[in-house]
Amino acid sequence: MELIPHSSGGGVASRAYPIRDALPEKPFRSRLLARGSLLRRLDWLLLGAAFALSATGALLVYSATRGRTVLNQGDPHFFLLRHVANTGIGVALAAGTLWWGHRRVRDLAPILYGITALLVLLVLTPVGATINGSKRWIVLGGGFSVQPAEFVKVTIILMMALVLTARVDAGELARPDHRGVLQALAVAGFPALLILLTPDLGQTMGVAAVVLGVLIAAGVRARWIIGLLAAGVLGAVAVWQFHLMDQYQVNRFAAFADPALDPVGVGYNTSQARIAIGAGGLTGSGLFHGAQTNGQFVPEQQTDFVFSVAGEELGFVGAGLIITLIAVVLWRACRIARECSELYGTVLAAGIVSWLAFQSFENIGMNLGIMPVTGLPLPFVSYGGSSMFAGWIAIGLLEAIRLQRPLRP
């Protein structure tokens, strides 16, 4: 390497400096877009699809609530501004999760799990608030509340992945053993039981979907999967036979089995949602021009039944676009799981896929009348801070897993 002599006092100094030190650094833009940089390694399709869903949700929430003066306190932009703010906070949480990294989040998993389980337990105390017959929220004041069940799904995935893969990634086992599976089931079972006691059947079903997806991704023996499915069927039969569900839950399942049973009672929500979606046709009646939406015929249209706004005002094309965006999120998450070099990251990503896939299918299904009404929001689209925050934390975890993969030559 050539050296540039540095003179001092008429002579040549003994020190010399490399020529490269005298040359200007690469432009910031070049470093930002260099191979291996953060911007080049992020999954922009995943981020774009999630952001597009949140932006679409803002429009649908605004359309569903701008004329409901009882709900929006006389401000037509009330829910719109909150949805945008929730999205902004969610994106910030995703960025923080990405910066922290999924491996460091793994180290905090026991603490995070304990906090969320404690919050679910608090819901069962006088601290919890009852809405629509279920105790699901903790009211923080100032019009803000939190639904711990949304966050506990994230920590269940983190803890189950940690328990199932610790010895496998360390090279001690080829696959999770029976002890690891039992520990993972205990990790998921405790908060799931608390959620069921609230009672929140929809979130409990979501946890069950997560457990199944995580166990399959971890490579547990098939006998565990078959046994859990059989136990689930027997448990559902026992709950129905011994009348362990609340009456409103029984009525919802009865209305699902026979939509004509009580169209102006327990089946009203689904009936009106199907009318709204059917009225949309191919291209819809136009954003903000839905007769069912403007007439306020569909209850809870900004949360549980937000998909009916898309079906009526954007038609089959718009509703299909939302489903396509959800499919893109799931596709990219599956690819991240497949390309991860460690089992922990694969299981973590697969758990997120199971959660988002089941919740999306259940929400859209209950809007179409092919699934029972359970109160699960549509990820990134429905109004609600807890759901939005948990969804974007999941996006941050997925991106963090992607960044850990080795660079291709």
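Residues numbered from 1 in each chain as written. Predicted model: local features only at pLDDT ≥ 70, side-chain atom pairs only at ≥ 80, totals over all residues. Heavy atoms only, no water.

1. Comments concerning the overall build of the protein
Next up, step 1: Looking only at helices and strands, the protein features 18 helices and five strands.
Next up, step 2: For the protein, with 409 residues in total, the buried portion stands at 47%.
Next up, step 3: Counting only carbon and sulfur atoms, one obtains 67% of the accessible surface of the protein, whose full area is about 19,900 Å². (Helix = DSSP H or I, 4+ residues; strand = E, 2+ residues; numbered from the N terminus. Buried < 20%, exposed > 50% of the residue type's maximum accessible area, 1.4 Å probe, protein only. Areas by Shrake-Rupley, 256 points an atom, 1.4 Å probe, with all protein chains shown as cover.)

2. Some thoughts on the environment of Glu300
Next up, step 1: Turning to its location among the elements, Glu300 is positioned in the loop between helix H14 (291-294) and helix H15 (306-313).
Next up, step 2: Sequence separation of Glu300 and Asn269 is 31 residues, and the distance between their C-alpha atoms is 8.4 Å.

3. Describing the packing of H15 against helix H17 (residues 343-368)
Next up, step 1: Between H15 and H17, whose axes approach to 9 Å, the crossing angle comes to 60°. Between H15 and H17, the angle is such that the two are oblique. As H15 runs across H17, the sense of the crossing is right-handed. Here H15 contributes Val306, Phe307 and Ser308 to the contact with H17, which in turn contributes Asn363, Ile364 and Asn367.
Next up, step 2: Partitioning the contact of H15 with H17 into residue classes produces three nonpolar, three polar and no charged. (Axes fitted to C-alpha atoms, helices over the stretch in contact; angles between N-to-C directions. Parallel < 35°, antiparallel > 145°, perpendicular 65-115°, else oblique. Left-handed = near helix turned anticlockwise from the far one by under 90°. Contact = heavy atoms within 4.5 Å. Nonpolar A, V, L, I, M, F, W, Y, C, P; charged D, E, K, R; others polar.)

4. Comments concerning the packing of aromatic side chains
Next up, step 1: Enumeration over the complete set of coordinates arrives at five aromatic pairs.
Next up, step 2: Ring geometry for Phe79 and Tyr383: centres 4.9 Å apart, planes at 80°, overall edge-to-face. Here Phe79, found in helix H6 (residues 78-100), pairs with Tyr383, found in the loop between H17 and helix H18 (385-403); they are 304 residues apart in sequence, far enough to count as distant. Residue Phe79 shares its accessibility class with Tyr383, and that shared class is buried.
Next up, step 3: An angle of 45° between the planes, with centres 5.7 Å apart, marks the rings of Trp99 and Trp100 as tilted.
Next up, step 4: Residue Trp99 is classed as exposed on the basis of its relative accessible area, which comes to 62%.
Next up, step 5: Arg104 extends its terminal NZ or CZ atom over the ring of Trp99, reaching a point 5.5 Å from the ring centre. (Phe/Tyr/Trp six-rings, centres within 6.5 Å; stacked < 30°, edge-to-face > 60°. Lys NZ or Arg CZ within 6 Å of the ring centre and 35° of its normal.)

5. Considerations on the pattern of salt bridges
Next up, step 1: With the rule as written, the count across this model stands at eight salt bridges.
Next up, step 2: Across the pair Arg402 and Asp43 runs a salt bridge, and its minimum N-O distance is 3.9 Å. One end of the pair, Arg402, is in helix H18; the other, Asp43, is in the loop between helix H3 (38-41) and helix H4 (44-65), with 359 residues separating them in the sequence.
Next up, step 3: Glu150 is paired through a salt bridge with Lys153; the nearest N and O atoms lie 3.3 Å apart. Taken together, the residues Glu150 and Lys153, both in helix H8 (residues 148-169) and three residues apart, mark about one turn of the helix. In this pair, the class of Glu150 matches that of Lys153, namely buried. (Salt bridge = Lys/Arg side-chain N within 4 Å of Asp/Glu carboxyl O.)

6. Overview of the environment of Gln302
Next up, step 1: Along the chain, the position of Gln302 falls in the loop between H14 and H15.
Next up, step 2: By relative accessible area, Gln302 is classed as buried at 6%.
Next up, step 3: Placed 238 residues apart in sequence, Gln302 and Ala64 show a C-alpha to C-alpha distance of 5.7 Å.
Next up, step 4: Residues within four places of Gln302 in sequence aside, it is in contact with Val61, Ala64, Thr65, Leu71, Phe79, Ser382 and Tyr383.

7. Structural notes on helix H7 (residues 102-123)
Residues lying three or four places apart along an α-helix face the same way, a consequence of the helix completing one turn every 3.6 residues.
Next up, step 1: Along H7, the sharpest change in direction is near 55° and occurs at Leu108; proline Pro110 comes one to four residues later.
Next up, step 2: Along H7, the positions that sit buried rather than exposed are His102, Val105, Ala109, Tyr113, Thr116, Ala117, Val120 and Val123. (Bend = angle between axes of the 7 residues up to and from the residue.)

8. Looking at a nonpolar patch on the surface
Next up, step 1: A surface patch of nonpolar side chains, about 660 Å² in accessible area, is lined by Leu118, Leu121, Leu122, Leu124, Val127, Leu193, Leu196 and Leu197.
Next up, step 2: Elements supplying a minimum of two residues to the nonpolar patch: H7 and helix H9 (178-197).
Next up, step 3: Mapped onto the elements of the fold, Leu193 is located in helix H9. (Patch = residues over 30% accessible without salt bridge, like charges linked within 9 Å, V, L, I, M, F, W, Y side chains within 5 Å.)

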